[in-house]
Amino acid sequence: MSTLKFAVLAGDYIGPEVMSAALRVLEHVAGQENLQLDYTQADVGGAAIDRQGTALPASTLQICEQSDAILFGSVGGPKWEKLPTKEQPERAALLPLRKHFTLFANLRPGLLYPELTDASPLKSERIPHGIDIVCIRELTGGIYFGQPKSTTTLPDGDVEAIDTMVYRKSEIERITAVAVTAARARKKQLCSVDKANVLETSVLWRKTVTAYIAEHAPDIALSHMYVDNAAMQLARDPNQFDVFLTENMFGDILSDEMAVICGSLGMLSSASLGARSNSLGKPFGLYEPSGGTAPDIAGKNLANPCAQILSAALMLRYSFGLEALATRMEAAVRQTVTSGIRTGDIAFGRPSVGTIAMTDAIIANLS
Ligand code: NAD
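Residues numbered from 1 in each chain as written. Predicted model: local features only at pLDDT ≥ 70, side-chain atom pairs only at ≥ 80, totals over all residues. Heavy atoms only, no water.

Undergrad: Describe the overall build of the chain, listing the residues and the values that go with them.
TA: A count of helical and extended segments in the chain gives eleven helices and twelve strands. For the chain, the spread of C-alpha atoms along the principal axes amounts to about 60 × 50 × 45 Å. Here the chain holds 367 residues, and 53% of them are scored as buried. Across the chain, contacts joining residues at least 24 apart in sequence account for 74% of those joining residues at least 6 apart. When the accessible area of the chain is evaluated, it comes to approximately 15,800 Å², of which 53% is carbon and sulfur surface. (Helix = DSSP H or I, 4+ residues; strand = E, 2+ residues; numbered from the N terminus. Buried < 20%, exposed > 50% of the residue type's maximum accessible area, 1.4 Å probe, protein only. Contact = heavy atoms within 4.5 Å. Areas by Shrake-Rupley, 256 points an atom, 1.4 Å probe, with all protein chains shown as cover.)

Undergrad: Give me the lowdown on the domain arrangement of the chain, citing residues and values where you can.
TA: Under the domain assignment, the chain is made up of domain 1 (1-110 + 267-367) and domain 2 (121-261). Distance from the C-alpha centre of domain 1 to the C-alpha centre of domain 2: 24 Å. Each partner contributes residues to the interface: domain 1 has 15 residues there, and domain 2 has 19 residues. Counting each side, the surface lost to burial between domain 1 and domain 2 is near 1,600 Å², with a carbon and sulfur contribution of 62%. At the junction of domain 1 with domain 2, the criterion picks out one salt bridge. One salt bridge in this structure joins Asp-256 and Arg-108, with 3.5 Å as the shortest N-O distance. The interface formed by domain 1 and domain 2 contains six residue pairs in polar contact (both at pLDDT 80 or more). (Domains from an automatic or database assignment. Buried area = accessible area lost by both parts, 1.4 Å probe. Salt bridge = Lys/Arg side-chain N within 4 Å of Asp/Glu carboxyl O. Polar contact = N/O pair within 3.5 Å; in protein donor to acceptor, adjacent residues only side chain to side chain.)

Undergrad: Go over the environment of Ser-311, please, and point to the residues and values.
TA: When you line up the elements, Ser-311 lands in helix α9 (residues 306-318). Among all residues touching Ser-311, those that are not within four sequence positions of it are Leu-71, Ser-269, Ser-270, Tyr-287, Glu-288 and Pro-289. Only 2.7 Å separates the side chain of Ser-311 from the backbone oxygen of Ala-307, close enough to count as a polar contact.

Undergrad: Which residues make up the sheet that holds strand β11 (residues 269-277), and what are the values?
TA: In spatial order, the strands read β2-β1-β3-β12-β11-β4-β5-β10-β8-β9; together these ten strands make up an open sheet with mixed pairing. Each having just a single partner strand, β2 (35-41) and β9 (221-226) make up the two edges of the open sheet. On average, each strand axis in the sheet is tilted by 25° relative to the strand beside it, whichever way the strands run. Across four bridges, the pairing between strand β8 (residues 189-194) and strand β10 (residues 243-246) is parallel. Looking at β10, one finds that Ser-192 is bridged to Leu-245. Set on the sheet, helix α5 (residues 169-184) makes contact with β4 (105-112), β5 (131-138), β8 and β10; between it and β5 the angle comes to about 165°. (Pairing = 2+ DSSP bridges. Axes fitted to C-alpha atoms, helices over the stretch in contact; angles between N-to-C directions.)

Undergrad: Describe the pattern of salt bridges, naming the residues involved and giving the relevant values.
TA: The tally for this structure, following the rule as stated, stands at 20 salt bridges. As a salt-bridge pair, Glu-288 and Arg-98 come within 3.5 Å of each other at their nearest N and O atoms. Of the two residues, Glu-288 sits in strand β12 (residues 283-289) while Arg-98 sits in helix α4 (residues 89-100), which places them 190 residues apart along the sequence. Given the relative accessible area of 7%, Glu-288 is considered buried. For Arg-98, a relative accessible area of 10% gives the class buried. Measuring nitrogen to oxygen at the nearest pair gives 2.9 Å for the salt bridge that ties Asp-194 to Arg-206. Note that Asp-194 is positioned in strand β8 and Arg-206 in helix α6 (residues 200-216), a separation of twelve residues in sequence. According to the relative accessible area criterion, Asp-194 is buried, its value standing at 1%. Among the ionic contacts, a cluster of salt bridges with common partners joins Asp-132, Arg-186 and Asp-242.

Undergrad: Quick rundown of the environment of Thr-201? Include the residues and the values.
TA: On the secondary structure map, Thr-201 appears in helix α6. Taking the C-alpha atoms as reference points, Thr-201 and Thr-336, 135 residues apart in sequence, are found 44 Å from one another.

Undergrad: Report on unusual backbone geometry, specifying residues and quantitative values.
TA: Across residues other than glycine, the phi torsion is negative in most instances, and most of the peptide bonds are trans. The omega angle of the peptide bond from Gln-147 to Pro-148 is 0°, so this bond is cis rather than trans. With respect to the element layout, Pro-148 can be found in the loop between β5 and β6 (150-153). Within the chain, Ala-294 stands out as a residue other than glycine whose phi angle is a positive 40°. The topology assignment puts Ala-294 in the loop between β12 and α9. Positive phi, normally seen in glycine, also occurs at Phe-348, with a value near 50°. On the basis of relative accessibility, which here comes to 35%, the residue Phe-348 falls in the partly exposed class.

Undergrad: Let's hear about the pairing of β8: which residues, and what values?
TA: Summarising burial for β8: five of the six residues are buried, a large majority. The pairing of β8 with β9 spans six bridges and is classified as parallel. In the strand pairing of β9, Cys-191 is matched with Ser-223.

Undergrad: Residues and numbers for the site of the ligand, please.
TA: Taken together, 20 residues lie around the ligand, and Val-75, Gly-77, Glu-90, Gly-292 and Ala-294 are the ones closest in. Separating a nitrogen atom of the ligand from a side-chain N or O atom of Glu-288 is a distance of 3.3 Å. For the ligand, a nitrogen atom lies 2.9 Å from a polar atom in the backbone of Asn-304. Considering the ligand on its own, with 800 Å² of exposed area, one finds that the protein chains cover 69% of that surface. Counted by class, the shell around the ligand contains eight nonpolar, eight polar and four charged residues. (Near = heavy atom within 4 Å. Nonpolar A, V, L, I, M, F, W, Y, C, P; charged D, E, K, R; others polar.)

Rendered as structure tokens:
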């Protein structure tokens, strides 16, 4: 019997609700497939601040270190908003986790089932077959991590803040390699998004991606697009992209735009992979929904559990090599939604079900 050893960091507000749904689904498929789940739950984010005084306790990091993957919920919310920025749950838990495990590649599927085109703010005629694209975002470089980073009161009393955007060729090459793998698994089309008409880092980005593809992946059709145009094109005709690759801050913004055009954040999963292999020789990764903690609906059995369940499926695929099982879980989610069983965020005036009933239906479709 194979054992799946992973850390469970549910986090705040809807985090524990959707995590409990994903764990129920995982327990179900593990029972069917004769797999043993060996997971440890640990505090993170606001919950960890409340219980242990810090958003990423050393004990949590140790549990992650001893695991083959991290299944993450989401962190933050109004309860901790008044803390200094550095101590805020996202900044003090998620960014250090990404940095600690060098999770430099964020894969976000932008998937909208054709049956859910109503959920998108785009006109249905622009997306008659839904949306099916992938964003690959560099996650540990760029302006979020570059130094110096400071806020200073100047002698004349004015206040100056500095962030620094830094990229190395090696960082761009390793994320391009991930994008190539993703593109090869799909249509072999890759669009690299930058701001090479203005930024030095983008000039290096474009040059490096172009050289990498020419040398290592001539089978990939590479195109380049400026980020401002990419933001427009995503809203105009998202399916013109297949896989797009971009740096950290541009990816943060474009992937959120992608989430909006794909309907509900409650449907979108993500995987963050790094340089490190786990004990199975597969990529160590952190898997989480694209959305946040949704404080507005927390504790009411209203949250859509699909994003967390689909994130668990990505964990099975990438960190445990269980492709067929991941595909089966994805199919069960799709079957549930297309059969009309929906949480409020994707119901559009039709009757809706709660988190627990939605999870029951997904489990029934797995049986
Ligand atoms: P959010 O993603 O939590 O919510 C935005 C909207 O989407 C809300 O209306 C919410 O109800 C809805 N939504 C999100 N997930 C849903 C789900 N599973 N089912 C149904 N509806 C869902 O964004 P926000 O309100 O800007 O942020 C709330 C908190 O989450 C903030 O503290 C923010 O910092 C934090 N946050 C954390 C992460 C993370 O942990 N990775 C990411 C984004 C935001």
